[in-house]
Structure formats: C-alpha cells, structure tokens
Amino acid sequence: MSLKQHGKARAHTNIALIKYWGKADESLIIPMNNSISVTLDKFYTETEVTFNPEYKQDRLVLNGQEVTDDEATKIYRFMDLVRERGNTSMYAHIESVNFVPTAAGLASSASAYAALSAACNVALNLNLSDTALSRLARRGSGSACRSIFGGFSEWNKGYDDETSYAHSIDANGWENDLSMIFVVINNKSKKISSRSGMSHTRQTSRFYQYWLDHVDDDISDVKDAIHNKNFNKLGEVIEENGLRMHATNLGSQPPFTYLVPESYQAMEIVHQCREAGFPGYFTMDAGPNVKILTEKKNQDYIINALLKTFREDQIIASDITQTSIEIIK
C-alpha cells in the first residue's frame, strides 16, 4: 500500500482594481486596507503536490526546471505551515506550470500560491473551506487569497490570521460582459520589488495617510457599481484609486515611481478612446505595465488604438473568469 498523498489544482491569477498597498503585519501578511480584484481567464497556474514519508526534503519544479533560489526557500517555508496544519512531517515534491505568457509582465504569485494551497488541501485531506483556503494562500502571497475565487473578490484586511481573508462578490454574471487588456511595457524584474516599495511608502510617504483615508469610500463605490452594473462608475473609481496609489510612491522619502513614459502614452490612448465613445479605464500595479478594464463590445476598438503605438506582442486581452479553484483528477 502506497503511503504517498497526492493532489493537483488549478488557480487563476487576479488583478487588483482597488489596490492593496502596505502591510499592517509583515509576517502574517495582513494588509493596511481592503482590496477588490477580478480573476482572469487567460492566466493560471497548475500545481501538483506529492507528499511521501521517504522524501528527505521539499523539491520544487517550475515549468520543467528545478528551482533552488530564494523563491524556492519561500515556498518551503510555506510548506512548513501546511505541514503544521496537516499534522504531518512528510516532505513534498511540487510540480508547477505557469500558463502565463512570458511577455505578460504579470506576477504569477497569486495563482501559484492559490493552486499550491488547494493541491495541499487535497493531498493531506485538510478539508479546508474556501475561507480557510483563502487564509492559507494569503500566508504565501497576499493577493493569492483573492485567487481562490472567480469573478470579483474582496480581501477583508482583518486584524489577525483568522480574520484576514477574501470572499466572492456576486456580480450576477456581469463578469461575462467585461475584459481586461494588458499593455506590456516591460517584463523585466523591477528595481524596487512590490514588497520593498509598499514598505518604504508606508513608512515615509507624506501622501500615504490620504491614500488610506479614501480606500473605504472606493471599496463602497466599487461594490455599488458592481451591484448596479455601472461600468463607467466602476472605471472612474478604479482609475482614481490606481493613480492615488502611485502618487504615494512619489510622496516617499526618497521618492520613486514604477511608471515610465510609455505608461503615460497608454493612459493617454485610453483617454482618447473614451472621448471617442469607447470607454476603458486603466490601472497599474507595482510596475510600468498598464491594464485596461473595458466592456467586451469595445475591446477591439481599444486594441486597434493601442496598436498604433505599441507592438502586437505587447497587447494581451483576457476575459474575466467566474471559475474558482479547480481540482484536477
């Protein structure tokens, strides 16, 4: 009889519409504010985990290559949390494949830790609810807690490990009418990581408290817009929220920015599309790449407008998926 315990899962990555920027607790990854995201159909991670009492250590294989760098060390620390929850000392072999276009410039940590959490849940028969799974995924990567769910989801900041988790926001199928366009300006490693950037901003930015003071209103306005299927209101709020987040970086001591001239070019094209009657709204995370939320009926117009300035391989469109975590048999 085999003592191996096995699980495999797929999780999709997400893009924050109302940003998470700054941690109240670094070790537990508890954020300073709530956030709202959409989960994307095109970008996902599949992860297979096998626990075996004969294994002498954890092993990570990513896209067919064994990983031994700092990211592997981070994942092995996460596996210690999983072992603690599963009351086991068994090590695991992890095989993970990222179905994210190399040029997307899109961090896959959200889908990676969500898929890993779900695969471990199956392998060790943890029987975690979606809420508990979201808590666990958060310990690997904060945004991963939102990738447990499809469509729109909100991460409740909470105040400790038990109260910080994501939940789904019911949009009554409105997700099917929306899509997101990526303008990939730079897919190289950032000089300032998200973790370093948000920590530096929280500690030194003169604008940071202003950012925090307005997030709750943004959350409320976005929920109302989703409930009423008001695309323009949704877009206006997420665009302002994203720009406000980037403004906090400029208020830091010393100041810094993730945006480059091409980022502003893409933003200007979005403005021009709106003036022409084809609305889309932009948002940017901790990097120069621009993401544009639009209604599917206007997607082609906006893509064609972008193609006058950017190469075809810099433009990637994705639907929003309603699918949450998938267990693969």
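Residues numbered from 1 in each chain as written. Predicted model: local features only at pLDDT ≥ 70, side-chain atom pairs only at ≥ 80, totals over all residues. Heavy atoms only, no water.

Describing helix H7 (residues 261-275)
Taking 1.5 Å per residue as the helical rise, H7 with its 15 residues ought to reach 21 Å, and the 21 Å between its terminal C-alpha atoms agrees with that figure. Buried within H7 are the following residues: Ser263, Ala266, Met267, Ile269, Val270 and Cys273. Down the axis of H7, the smallest arc covering the buried residues is 155°, so these residues share one side. Facing away from the buried side of H7 by more than 90 degrees, the exposed set consists of Pro261 and Glu275. (Helix = DSSP H or I, 4+ residues; strand = E, 2+ residues; numbered from the N terminus. Expected span 1.5 Å × (residues − 1). Buried < 20%, exposed > 50% of the residue type's maximum accessible area, 1.4 Å probe, protein only. Arc of directions from axis to C-beta.)

Topic: the pairing of strand E10 (residues 178-183)
Across the six residues of E10, six count as buried, placing the element largely inside the fold. Alternating positions in E10 separate into two faces, Leu178, Met180 and Phe182 on one and Ser179, Ile181 and Val183 on the other, with burial throughout. With six bridges joining them, E10 and strand E12 (residues 290-295) adopt antiparallel strand pairing. Residue pairing in the sheet places serine 179 in a bridge with threonine 294 of E12. When E10 meets strand E13 (residues 315-319), the two strands line up antiparallel, connected through five bridges. Along E13, the bridge assignment pairs isoleucine 181 with alanine 317. (Pairing = 2+ DSSP bridges.)

Describing helix H4 (residues 194-204)
Where H4 is concerned, the buried positions are Gly197, Met198 and Thr201. Mapping the buried residues of H4 onto a view down its axis gives an arc of 90°, with all of them on the same face. Residues of H4 that are buried make contact with strand E2 (23-25), helix H5 (208-228) and helix H6 (231-250). (Contact = heavy atoms within 4.5 Å.)

Things to note about the pattern of salt bridges
One pass over the structure, following the stated rule, counts 17 salt bridges. Of the charged contacts in the structure, one is a salt bridge between glutamate 162 and arginine 135, with a shortest N-O distance of 3.4 Å. Of the two residues, glutamate 162 sits in the loop between strand E8 (152-156) and strand E9 (165-169) while arginine 135 sits in helix H3 (residues 130-138), which places them 27 residues apart along the sequence. A salt bridge links aspartate 285 to lysine 291, with the shortest nitrogen-to-oxygen separation between them at 3.2 Å. (Salt bridge = Lys/Arg side-chain N within 4 Å of Asp/Glu carboxyl O.)

Topic: the domain arrangement of the chain
How big an interface is tends to be stated in terms of the accessible area lost upon association of its parts. Each assigned domain of the chain is listed with its residue range as follows: domain 1 (5-173) and domain 2 (177-319). Averaged C-alpha coordinates put domain 1 and domain 2 at centres separated by 24 Å. Taking both sides of the interface into account, the surface hidden between domain 1 and domain 2 amounts to around 3100 Å²; carbon and sulfur atoms contribute 67%. It is Ile18, Lys19 and Trp21 in domain 1 that bury the most area against domain 2; as a group they hold 27% of the surface buried on that side. Linking domain 1 with domain 2 are two salt bridges. One salt bridge in this structure joins lysine 19 and aspartate 285, with 2.6 Å as the shortest N-O distance. Only strand E1 (5-18), E2, strand E4 (35-52) and E8 provide two or more residues apiece to the side of domain 1 that touches domain 2. Broken down by element, the side of domain 1 that touches domain 2 gets its largest block of residues, eight residues, from E4. (Domains from an automatic or database assignment. Buried area = accessible area lost by both parts, 1.4 Å probe.)

Notes on the environment of threonine 13
With respect to the secondary-structure elements, threonine 13 resides in strand E1. Look at threonine 13 and you get buried, because its relative accessible area is 1%. Distance from threonine 13 to tyrosine 113, taken between C-alpha atoms, is 9.9 Å for residues 100 residues apart in sequence.

With respect to the sheet that holds E13
Pairing between the strands of a sheet is mediated by backbone hydrogen bonds and can be parallel or antiparallel. Taken in spatial order, the four strands of this open sheet run E11-E12-E10-E13, and their pairing is antiparallel. Edge strands, defined here as strands with exactly one partner in the open sheet, are strand E11 (280-283) and E13. With strand direction ignored, the average angle separating the axes of adjacent strands in the sheet is 25°. Contacts from H7 reach E10, E11 and E12 within the one sheet, and its direction differs from that of E11 by about 160°. Across the sheet, helix H8 (residues 296-306) touches E10, E11, E12 and E13, and the angle it forms with E12 is around 140°. (Axes fitted to C-alpha atoms, helices over the stretch in contact; angles between N-to-C directions.)

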